[in-house]
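Inside the fold
So you can see what is in the structure, the chains are spelled out below.
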Amino acid sequence: MSKVLAVLEQRDGKLRKVSFEVVTAARRLGDADAVVCDTADREACAATISERAKSGGYRAVVFGATATGRDLAPRVAAKLGVGVAADLTQVSADGDAILVTPPVHA
């Protein structure tokens, strides 16, 4: 099973509810590890997360669909040289493939 990195969010020293959703999504993709960035400096956070992702050999990095996640995900992706699949309603693994479902707009 592949390793997946879940990026958790906190406010006032407590995990935000979205962090539990992020862990659940990450566990659907493989063995999940988690990281919480303690600084408000988004560029420093992105650097820390991307270094952790590189050194840990993670298959994917999962962020919450929040203002923080939407800010960090493209920064981390740029540092890793990979793309971003954003605002997904579902993620799953099928062998080596990661399957994602975006929202449907009528």
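The structure reproduced in this document is the subject of the present report. Keep in mind that this is a model prediction, so the values were computed, not measured. (Residues numbered from 1 in each chain as written. Predicted model: local features only at pLDDT ≥ 70, side-chain atom pairs only at ≥ 80, totals over all residues. Heavy atoms only, no water.)

1. A word on the overall build of the protein
Broken down by element type, the protein carries three helices and seven strands. Along its sequence from the N terminus, the protein presents helices and strands in the succession β-β-β-α-β-α-β-α-β-β. Taken against the 2.2 N^0.38 rule, which gives 13 Å for 106 residues, the C-alpha radius of gyration of the protein at 13 Å falls within 12% of a compact globule. When its C-alpha atoms are laid out on the principal axes, the protein stretches across 35 × 35 × 25 Å. Counting the 106 residues in the protein, one finds 31% classified as buried. Within the protein, residue pairs in contact and separated by at least 24 positions form 64% of the contacts whose partners lie at least 6 positions apart. Surface summary for the protein: the accessible area is close to 6,500 Å², and the carbon and sulfur share equals 50%. On the protein, the mean spot of the 14 positive side-chain charges and the mean spot of the 13 negative ones are 3 Å from each other. (Helix = DSSP H or I, 4+ residues; strand = E, 2+ residues; numbered from the N terminus. Rg over C-alpha atoms; globule rule 2.2 N^0.38 Å. Buried < 20%, exposed > 50% of the residue type's maximum accessible area, 1.4 Å probe, protein only. Contact = heavy atoms within 4.5 Å. Areas by Shrake-Rupley, 256 points an atom, 1.4 Å probe, with all protein chains shown as cover. Lys, Arg positive; Asp, Glu negative; His and termini not counted. Charge placed at Lys NZ, Arg CZ, Asp CG, Glu CD.)

2. Considering the nonpolar core
Ranked by size, the top nonpolar core spans 13 residues in total, and within it Leu5, Val7, Val35, Ile49, Phe63, Leu72 and Val76 carry the most contacts. Looking at this core element by element, the count peaks at four residues for helix α2 (residues 42-56). Dropping the residues within four chain positions of it, valine 7 is found in contact with Val22, Val35, Ile49, Val61, Val62 and Phe63. Core analysis: the next-biggest nonpolar cluster, separate from the first, contains 11 residues, Val22, Ala25, Ala26 and Val62 among them. (Core = buried A, V, L, I, M, F, W, Y, C linked by side-chain atoms within 4.5 Å.)

Function cannot be read off these values alone, since they describe shape.
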